[in-house]
Amino acid sequence: MKLKIGHLYPDLLDLYGDRGNILTLTQRAQWRGIEAKVQRVSLGDPLDFSKIDILFIGGGSDREQDILVEDLMKRKQEFKAAIEDGLVVLAICGGYQLLGQYYQMAGGKKIPGLGFLDLWTEAGSKRLIGNVVVKLENGLNEQSAQLSIKPLETLVGFENHSGKTFLGNGLASLGQVLYGNGNNGEDGAEGMHYKNVFGTYLHGPLLPKNPHFTDLLIALAFERSGSSGKLAALDDQLELLTHQTMVQRILNRS
Ligand code: GLN
């Protein structure tokens, strides 16, 4: 079995150790005997979206987002087709913002997003910074259970963004914020979920702190590829204890 991971703009969208998500996806696949291949794709590099199983886009500063947006727009049609065909996507913060209609930056400049998801981002008067705990919405736990992935009720990470993202009516969040700001610090929602596309403000990196979410992404990619097998369980006692400890310590401060 092979897992092909596309990493968009690894040299630009590389804030706060988000490459740790690639390392975690790769490692949790390899621990199961699955060969994981990573294709790094930056400005001007070719990418055939139909040839990858998971696409990862990390976070970045306003400056980097402005630099890459023209190149990203050139990929719009293929990217949209792949998403509608069930491509698994994990987009963190700046990468997440670029999936939407636009990002109105703190300095006043407005850059376009890919526009195929009904969300938009506008910089607030202060940066939203700190730990975040999210109670996952039920659909994700049900999806995990159907794929024989141990559903955990929470996601944990940290946020550092000036952009405040708002979801249109047709989009589901990843869940409700138990601690922190999430999408915008106003409506209590964090992240976005559409088909197999997941957007979130959680850095950490996200996946090492949330092994169950890593497995959900891998399992969805295999389900889409037609593989009938279930992901072998790993001995995650330490990972899950670490996750729970982080969640409790953050919530006990609230
Ligand atoms: N530049 C964007 C913002 O400030 C995204 C930041 C990030 O990726 N952490 O909101």
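Before any of the text, the structure's been laid out above.
About the cut-offs
- Residues numbered from 1 in each chain as written.
- Predicted model: local features only at pLDDT ≥ 70, side-chain atom pairs only at ≥ 80, totals over all residues.
- Heavy atoms only, no water.
- Helix = DSSP H or I, 4+ residues; strand = E, 2+ residues; numbered from the N terminus.
- Rg over C-alpha atoms; globule rule 2.2 N^0.38 Å.
- Buried < 20%, exposed > 50% of the residue type's maximum accessible area, 1.4 Å probe, protein only.
- Areas by Shrake-Rupley, 256 points an atom, 1.4 Å probe, with all protein chains shown as cover.
- Lys, Arg positive; Asp, Glu negative; His and termini not counted.
- Charge placed at Lys NZ, Arg CZ, Asp CG, Glu CD.
- Contact = heavy atoms within 4.5 Å.
- Phe/Tyr/Trp six-rings, centres within 6.5 Å; stacked < 30°, edge-to-face > 60°.
- Lys NZ or Arg CZ within 6 Å of the ring centre and 35° of its normal.

*Asks:* Could you give an account of the overall build of the protein, with specific residues and numbers?
*Replies:* Helix and strand counts for the protein stand at eight helices and 12 strands. Since a compact globule built from 254 residues should have a radius of gyration of about 18 Å, the 17 Å found for the protein is in line with a globular shape. Referenced to the eigenvectors of the C-alpha coordinate spread, the extents of the protein come out at roughly 50 × 45 × 30 Å. Residues classed as buried in the protein amount to 54% of the 254 residues present. Carbon together with sulfur atoms contributes 50% to the accessible area of the protein, which is approximately 10800 Å² in total. Here the protein carries 26 positive and 29 negative side-chain charges, and the mean point of each set is 2 Å from the other.

*Asks:* I'd love a proper account of the side chain of His212, names of residues and values included.
*Replies:* Along the polypeptide, His212 turns up in helix 7 (residues 211–224). Since its relative accessible area comes to 7%, His212 is described here as buried. Once residues lying within four places of it in the same chain are set aside, the contact partners of His212 are Ile149, Lys150, Leu152, Thr154, Leu155 and His243.

*Asks:* Please give an account of unusual backbone geometry that cites residues and values.
*Replies:* It is generally the case that most residues other than glycine have a negative phi and that most peptide bonds are trans. Pro205 follows Gly204 through a cis peptide bond whose omega is 0°. Residues other than glycine seldom take positive phi values, yet Tyr9 does so here, at roughly 55°. Mapped onto the secondary structure, Tyr9 falls in the loop between strand 1 (2–8) and helix 1 (19–30). Phi is positive for Cys93, which is not a glycine, with a value near 50°. Mapped onto the elements of the fold, Cys93 is located in the loop between strand 4 (88–92) and helix 4 (94–97). For Cys93, a relative accessible area of 5% corresponds to the buried category.

*Asks:* Tell me what's going on with the environment of Leu171, and back it up with residues and numbers.
*Replies:* As for its placement among the helices and strands, Leu171 is situated in the loop between strand 8 (154–167) and strand 9 (175–179). In this structure Leu171 comes out as buried when scored by relative accessible area, which is 13%. The residues touching Leu171, leaving out its near neighbours within four places in the chain, are Leu117, Asp118, Leu119, Met192 and Tyr194.

*Asks:* Outline the packing of aromatic side chains, listing residues and values.
*Replies:* Per the stated rule, a full pass over the model turns up six aromatic pairs. Their ring planes at 70° and their centres at 5.4 Å tell us that Phe79 and Phe116 sit as a pair that is edge-to-face. Separated by 37 residues along the polypeptide, Phe79 in helix 3 (residues 76–84) and Phe116 in the loop between strand 6 (110–112) and strand 7 (119–136) bring together distant segments of the chain. Per residue, the accessibility class of Phe79 equals that of Phe116, and both read buried. Among the aromatic side chains, those forming a connected cluster through ring pairs are Phe49, Phe79 and Phe116. We note Lys110 situated over the ring of Tyr102; from NZ or CZ to the ring centre the distance is 4.0 Å.

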